[in-house]
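# Architecture and fold: a report
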Amino acid sequence: MKKSLFAFVAVAFVALASTGMSGQAFAAGNTIDHIEAPEQGWKHTGITGTFDRAAAQRGLQVYREVCASCHSLRHVAFRTLTGIGFTEREIKAIAAEYTVMADPNEEGDVLERNAQPFDYFPLVYANKQAAAASNNGAVPPDLSLMTKKRVGGENYVYSLLTHYREPTAEDLAILEKKNISLGDTSYFNPIISGNQIAMAPPLIEDLVEYAAGQPKATLKQMAYDVSVFLTWTAEPKLEDRKKLGFNVMIYLFIFCGIMFFAYRRIAKRILGH
Ligand code: HEC
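Residues numbered from 1 in each chain as written. Predicted model: local features only at pLDDT ≥ 70, side-chain atom pairs only at ≥ 80, totals over all residues. Heavy atoms only, no water.

## Structural notes on the layout of surface pockets
- Computed from the structure, the largest pocket encloses a volume of approximately 660 Å³.
- When contributions to the lining of the largest pocket are tallied by element, the ones reaching two or more residues are helix H6 (153-162), strand S4 (196-197) and helix H8 (219-234).
- In terms of residues, the lining of the largest pocket owes the most to one element, H6, which gives four residues.
- Its residues placed into classes, the lining of the largest pocket shows 24 nonpolar, seven polar and one charged. (1 Å grid on protein atoms, 1.4 Å probe; cavity = no way out; pocket = protein on both sides within 12 Å on 5 of 7 lines; lining within 4 Å. Points joined across faces, edges and corners; volume = space filled by probe spheres on them. Helix = DSSP H or I, 4+ residues; strand = E, 2+ residues; numbered from the N terminus. Nonpolar A, V, L, I, M, F, W, Y, C, P; charged D, E, K, R; others polar.)

## Concerning the site of the ligand
- The full set close to the ligand counts 22 residues, and Cys67, Cys70, His71, Tyr156 and Met199 are the nearest of them.
- Side-chain polar atom of Arg150 to an oxygen atom of the ligand: 2.7 Å apart, as the coordinates give it.
- If you map the ligand onto the pockets, it falls in the largest pocket.
- Element by element, the count of residues in the shell around the ligand is highest for H6, at three residues.
- When grouped by side-chain class, the residues that make up the shell around the ligand number 18 nonpolar, three polar and one charged. (Near = heavy atom within 4 Å. Polar contact = N/O pair within 3.5 Å; in protein donor to acceptor, adjacent residues only side chain to side chain. Sits in = over half its atoms within 2 Å of the grid points.)

## Concerning a nonpolar patch on the surface
- A surface patch of nonpolar side chains, about 600 Å² in accessible area, is lined by Leu244, Val248, Tyr251, Leu252, Phe255 and Met259.
- Mapped onto the elements of the fold, Val248 is located in helix H9 (residues 238-271).
- A relative accessible area of 39% means that Val248 is categorised as partly exposed. (Patch = residues over 30% accessible without salt bridge, like charges linked within 9 Å, V, L, I, M, F, W, Y side chains within 5 Å. Areas by Shrake-Rupley, 256 points an atom, 1.4 Å probe, with all protein chains shown as cover. Salt bridge = Lys/Arg side-chain N within 4 Å of Asp/Glu carboxyl O. Buried < 20%, exposed > 50% of the residue type's maximum accessible area, 1.4 Å probe, protein only.)

## Quick look at the packing of aromatic side chains
- Per the counting criterion, the structure on display carries ten aromatic pairs.
- Residue placement shows Arg58 over the ring face of Tyr210; its charged tip is 5.7 Å from the ring centre. (Phe/Tyr/Trp six-rings, centres within 6.5 Å; stacked < 30°, edge-to-face > 60°. Lys NZ or Arg CZ within 6 Å of the ring centre and 35° of its normal.)

## Some thoughts on the coordination of the iron atom of the ligand
- Coordination of the iron atom of the ligand by the protein comes from His71 (NE2) and Met199 (SD), over a distance range of 1.9 to 2.0 Å.
- Between the six donor atoms coordinating the iron atom of the ligand, the angles at the centre fall across 85 to 178 degrees, so the site counts as octahedral. Placement of the pair is His71 in the loop between helix H2 (53-65) and helix H3 (88-96) and Met199 in the loop between S4 and H8, with a sequence separation of 128 residues.
- Among the residues examined, Met199 registers a relative accessible area of 23% and is labelled partly exposed. (Donors = N, O, S within 2.8 Å, 3.2 Å for Na, K, Ca; no water. Tetrahedral: all angles 85-135°; square planar, octahedral: opposite > 155°, others 65-115°.)

## With respect to the confidence of the model for the protein chain
- The predicted model of the protein chain has a mean per-residue pLDDT of 89, with 88% of residues at 70 or higher.
- Across residues 18-29, where pLDDT falls below 50, the model places 14 contacts with residues more than four positions away in sequence or in other chains. (pLDDT = per-residue confidence, 0-100. Contact = heavy atoms within 4.5 Å.)

## As for the environment of Val62
- Mapped onto the fold, Val62 is located in helix H2.
- Spatially, the C-alpha atoms of Val62 and Leu203 are 9.1 Å apart, while their sequence positions differ by 141 residues.

## With respect to the packing of H2 against H8
- Axis separation between H2 and H8 bottoms out at 7 Å; the angle between their running directions is 100 degrees. The orientation of H2 with respect to H8, classified from their angle, is roughly perpendicular. The segment H2 lies against H8, with Ala55, Ala56, Arg58, Gly59, Leu60, Val62 and Tyr63 engaging Gln221, Met222, Tyr224, Asp225, Val226, Val228 and Phe229. (Axes fitted to C-alpha atoms, helices over the stretch in contact; angles between N-to-C directions. Parallel < 35°, antiparallel > 145°, perpendicular 65-115°, else oblique.)

## Details of the nonpolar core
- Ranked by internal contacts, the top residues of the largest apolar core, which has 48 residues, are Val62, Tyr63, Leu73, Phe78, Leu81, Phe121 and Phe229.
- Those elements that place two or more of their residues in this core are H2, H3, H6 and H8.
- In terms of residue count, H8 provides more of this core than any other element does, eight residues in total.
- If near-sequence neighbours (up to four positions away) are discounted, Tyr63 is found in contact with Ala68, His71, Ser72, Leu73, Phe121, Leu143, Val226 and Phe229. (Core = buried A, V, L, I, M, F, W, Y, C linked by side-chain atoms within 4.5 Å.)

## Some points on the pattern of salt bridges
- For the structure shown, the criterion picks out ten salt bridges.
- Between Lys43 and Asp52 there is a salt bridge; the shortest N-O distance is 3.3 Å.
- With a relative accessible area of 53%, Lys43 lands in the exposed category.
- Between Asp171 and Arg165 there is a salt bridge, and its shortest N-O distance comes to 2.5 Å.
- When its relative accessible area of 31% is taken as the criterion, Arg165 is described as partly exposed.
- Via salt bridges that share partners, Lys148, Glu235 and Arg241 belong to a single interconnected network.

Encoded structure:
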């Protein structure tokens, strides 16, 4: 009896713990460095993880002041920023700094208007051709779902932003073997598949100024913050999903317990042991 109860608890515990696994993976193929998680880890991973709201808010600042000159965030509506702790007033003020196209007026003209909380972040370029023309032929991808699109998720984005460096002779030899030569407009990055990227290193120390009381805007801190923010944009319902999953596991745990004791009673009555 004691042994089987122990086995039951062990199985239930493993099942519970496995729901919290973040499934960290490494980029496949020909990268040289490994994708790594930041030293301090993420607050949103694990069974009951929640977004670090202060980091996500700083991440929005990094996005707006740095990334937004090239990357759109087309799937994010301003009103949803309540999810990382902004008040409705703050959201109204953020939205008002953007302009979007209004509905056509009676003459059929489309004029601009200030964005409202129900609007989405406006596109940066009118079309792909315009985006490519401004970026030496490369199109900066939309960042809304980026942490879902790349193997490694937020660890990939974090590593990509923090691993830019001059290629060593060894790196160049590896690239040469693969017949890749770095051009004037491509940069070495050991994280991206192929090891060259058309995006110049976007972050340098103190590029943004964080509000008083916030951490110093080091390269790693900004990369961390924008990665938290982009994890949220890709999965704004992450906290709800975890809460539900956790409650379901608790329910199943209790249910299993009841079934186990019911089984023992019946077995005792029928089989006599
Ligand atoms: C000056 C323009 C510019 C800025 C600013 C910029 N990027 Fe980029 N980014 C690009 C371009 C162009 C590409 C496409 C690179 C390629 O295909 O080689 C890109 C690609 C990316 C990718 C995808 C890499 C991949 O795996 O394909 C991510 C992620 C990214 N940028 C994140 C950011 C973040 C986060 C910021 C702000 C901190 C930022 N970028 C700022 C131009 C920019």
